[in-house]
Amino acid sequence: MTDNYSADVVVIGSGIVGSLVAHRLAKQGISVIILESGPRFDRGAITENFRNSPRKNDFMSPYPFSPWSPHPVYKPHSNDYLVQMGPYPYAAEYIRMVGGTTWHWAAQAWRVLPNDMKIHTLYGVGRDWPISYDELEPFYYEAEVKMGVSGAPNNGSPRSQPFPMEPVAESWLQQRFRERLAPGGYEVIVNTTARNSRNYDGRPACCGNNNCMPICPIDAQYHGGIAAQAAEDAGAKLIANAVVYRLEHDEKGRIVAAHYYDPDKGTHKVTAKNFVLAANGIESPKLLLLSASDKYPQGLANSSGTVGRNLMDHPSNSLTFDCDEPLWPGRGPMSPGSINSLRDGAFRSDYASFRIDISNASQVLSATSALLAEGVYGIDLDKQINYRAAHQMSLKNVMELLPDPENRVVLSDRKDALGIPTPGVIYHMSDYVHKGMARAVEEYTKIAKLMGGSNLRFSKPGIYGNNQHITGTMSMGNDPHDSVVDAFGRCHDHENLFIASTGVMPTSATVNSTLTAVALGLRTADHLAKTAL
């Protein structure tokens, strides 16, 4: 064993949240070490992998898979890293490498609504947050400036200052949806995204490649790789291929070291005054459970028994249809606009709220695959590909899933190449979600009619897509008996262990969780620097 590193703060995980926490601390002159379980990879190599991939609709295919730091893989075959323990499959996707999963995100960087943070008080469901929207708002803005965020000012989330940039130019598809849906009472607004509409922070403007997922080939959209580089430039030391398998504590419960394996299973130890656990909502509770000891037999930070519980994401159903005019999706951002009218309301007492997302992703691949499966070939194949690529549209929702302690992450009986247990997930859907999905189908049908839709193809009832917005599992709260961390992300059980992750969010709301997690992480970093160092 070697013991050759020490710092004021050790951050575990180099994704967008952990890296921006490290960046904020390092800029204040605080010594920071970032431990990342996966390898380094650059944008050029990922882009080339995508160009050469035979599975263009598999957003994981361009990314490196390392035996020492595995992540879930489902195509062409599942690697069963994430063990499904029922009753509903939860096929979460995430990347374990420097920069984390936002390498392949759609760059949607929404704030939650103020009412999302008090849904138990207002609607009698879910949990209230231990902080208010106003307390988080300045950190939202700080995150937006760092990431280069733009959006519609009327998206329901109050702002103290305008967005740092204007949105990317409206696509033809987005424009026509906005114009044609308005008479029916649907307001289509531009999505809130961390995507450049002009040169910003040394990165170029979006040029409309339309493969935001799995990789922006020019870095027009922000991602964790950029954040990790910024942290290193500010003075943080980043150690890649460092698989943390145990956090060590002293007799008072303070964390004193992080133990990690290198790819050859050599062991190393890093000491620090404070530790920030910044992996995602699956890998973070996994590490806390792995770190069980005689003093903490249920795992670290788990006196409440809630580590790993209240796993949430955003399930989706969808509609594909043919519009009566050619809109040619495939130029500009893949997810340019949405309908937000059902994100909040008294109905939340009865069924789930949701946002309706309008896809601008190219339809050529999906149309071609469907036609070949139907046995169409020759001149007719060419004609129908041309028609469908121009007319085929798709809608999906982003639906709130309430916290439920029975939806959880546990340690499975399987082990990876280093002998570390892999995560298991227990997951199910409630009537609250099913009712929300039924309402979404009603809305899709009205929207398709306004767009002159024909050949309507709804997703299978009861079978929902997954948006990879892993939330919950280490919820923040004021009561140590039913939460893992306090309002600043400090673990109730360990005074020098902080968690900065989507996992601390008490509820999922109806929007991508990344910006909120970054804002919470910046708030944690601010508090840590003022009180613990």
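Residues numbered from 1 in each chain as written. Predicted model: local features only at pLDDT ≥ 70, side-chain atom pairs only at ≥ 80, totals over all residues. Heavy atoms only, no water.

Caption draft 1: Main features of the packing of helix H1 (residues 16-26) against helix H6 (residues 224-233). Relative to each other, H1 and H6 sit at 25°, their axes nearing to 8 Å. By the criterion of interaxial angle, the relationship of H1 to H6 is roughly parallel. Considering only the axes of H1 and H6, their crossing is left-handed. Along the contact surface, H1 presents Ile16, Ser19, Leu20, Ala22, His23 and Ala26, while H6 presents Gly224, Ala227, Ala228, Ala230 and Ala231. (Axes fitted to C-alpha atoms, helices over the stretch in contact; angles between N-to-C directions. Helix = DSSP H or I, 4+ residues; strand = E, 2+ residues; numbered from the N terminus. Parallel < 35°, antiparallel > 145°, perpendicular 65-115°, else oblique. Left-handed = near helix turned anticlockwise from the far one by under 90°. Contact = heavy atoms within 4.5 Å.)

Caption draft 2: Up close: the side chain of Asp313. With respect to the secondary-structure elements, Asp313 resides in the loop between helix H7 (283-290) and strand S9 (315-316). Buried and without a salt bridge, Asp313 has Lys396 as its closest oppositely charged side chain, separated by 8.7 Å. For Asp313, the side chain forms a polar contact with the main-chain nitrogen of His469, separated by 2.9 Å. Those residues within four positions of Asp313 in sequence are excluded, and the remaining contacts are Tyr90, Met399, Leu401, Tyr427, Asn466, Asn467, Gln468, His469, Ile470 and Ser508. (Buried < 20%, exposed > 50% of the residue type's maximum accessible area, 1.4 Å probe, protein only. Lys, Arg positive; Asp, Glu negative; His and termini not counted. Salt bridge = Lys/Arg side-chain N within 4 Å of Asp/Glu carboxyl O. Polar contact = N/O pair within 3.5 Å; in protein donor to acceptor, adjacent residues only side chain to side chain.)

Caption draft 3: Region of the structure containing the sheet that holds strand S15 (residues 421-427). The sheet built from three strands is open, its strands ordered S3-S15-S14 with mixed pairing. In the strand order of this sheet, the two ends are held by strand S3 (83-87) and strand S14 (408-415), each with one partner. Neighbour-to-neighbour, the strand axes of this sheet turn through a mean angle of 30°, independent of strand direction. With three bridges joining them, S3 and S15 adopt parallel strand pairing. Paired with Gln84 across the bridge in S15 is Val425. In this fold H7 packs onto S14 and S15, with an angle of close to 65° to the strand it touches most, S14. (Pairing = 2+ DSSP bridges.)

Caption draft 4: Main features of empty space enclosed by the protein. Within the structure shown, the criterion is met by three cavities of 30 Å³ or more. Along the walls of the largest cavity sit 13 residues, with Val168, Val190, Arg195, Pro333 and Pro336 positioned nearest its centre. Residue classes in the lining of the largest cavity are distributed as six nonpolar, six polar and one charged. Its boundaries defined by the atoms lining it, the second largest cavity holds a volume of some 80 Å³. Forming the walls of the second largest cavity are 13 residues, and the residues nearest its centre are Cys206, Asn209, Cys212, Cys216 and Ala220. Class assignment for the residues of the lining of the second largest cavity results in seven nonpolar, five polar and one charged. (1 Å grid on protein atoms, 1.4 Å probe; cavity = no way out; pocket = protein on both sides within 12 Å on 5 of 7 lines; lining within 4 Å. Points joined across faces, edges and corners; volume = space filled by probe spheres on them. Nonpolar A, V, L, I, M, F, W, Y, C, P; charged D, E, K, R; others polar.)

Caption draft 5: Focus on the layout of surface pockets. If you add up the space inside the second largest pocket, you get close to 230 Å³. For the lining of the second largest pocket, the element with the most residues is H6, which contributes five residues. Here the lining of the second largest pocket is built from residues that sort into five nonpolar, three polar and five charged.

Caption draft 6: Spatial organisation of the packing of aromatic side chains. In this structure the tally under the stated criterion is five aromatic pairs. Aromatic pair Tyr245 and Tyr261: ring centres 3.9 Å apart, planes at 15°, arrangement stacked. Placement of Tyr245 in strand S6 (residues 243-249) and of Tyr261 in strand S7 (residues 255-261) is noted, with a sequence separation of 16 residues between them. Tyr261 carries the same exposure label as Tyr245, and that label is buried. Between Phe347 and Tyr351, the ring centres sit 4.9 Å apart and the planes meet at 25°, which makes this aromatic pair stacked. A relative accessible area of 16% places Phe347 in the buried class. A cation sits over an aromatic face here: Lys56 above Phe50, 5.7 Å from the ring centre. Positioned over the ring face of Phe163 is Arg159, at 3.7 Å from the centre of the ring. (Phe/Tyr/Trp six-rings, centres within 6.5 Å; stacked < 30°, edge-to-face > 60°. Lys NZ or Arg CZ within 6 Å of the ring centre and 35° of its normal.)

Caption draft 7: Broad picture of the sheet that holds strand S16 (residues 454-458). The antiparallel open sheet is built from six strands, whose spatial order is S4-S11-S12-S13-S10-S16. In the strand order of this sheet, the two ends are held by strand S4 (188-190) and S16, each with one partner. Within this sheet the neighbouring strands show an average axis-to-axis angle of 25°, counted without direction. Against the sheet, helix H9 (residues 378-391) contacts strand S10 (318-322) and strand S13 (392-399), and its axis sits at roughly 40° relative to S13.

Caption draft 8: Representation of the side chain of Asn360. Within the secondary structure, Asn360 is located in the loop between strand S12 (354-358) and helix H8 (364-373). A polar contact of 3.0 Å, which involves the side chain of Asn360, links it to the backbone oxygen of Pro333. Dropping the residues within four chain positions of it, Asn360 is found in contact with Ser171, Leu173, Asn210, Pro329, Gly330, Arg331, Gly332, Pro333, Met334 and Pro336.

Caption draft 9: Spotlight on H8. Listing the buried residues of H8 in full gives Ala367, Thr368 and Leu371. Each buried residue of H8 sits inside an arc of 95° when the element is viewed along its axis, so together they form one side. Where H8 is buried, its residues contact H9 and S13. The positive-phi residue at the C-terminal boundary of H8 is Gly375, with phi of around 85°. (Arc of directions from axis to C-beta.)

Caption draft 10: Region of interest: the nonpolar core. By size, the foremost hydrophobic cluster in this structure holds 88 residues, and its most contacted members are Val32, Leu35, Met147, Leu247, Val276, Leu288 and Ile499. Per-element accounting of this core gives the leading share, nine residues, to helix H11 (residues 514-531). Within the second largest apolar cluster, 48 residues are counted, among which are Ala92, Tyr186, Met393 and Met429. (Core = buried A, V, L, I, M, F, W, Y, C linked by side-chain atoms within 4.5 Å.)

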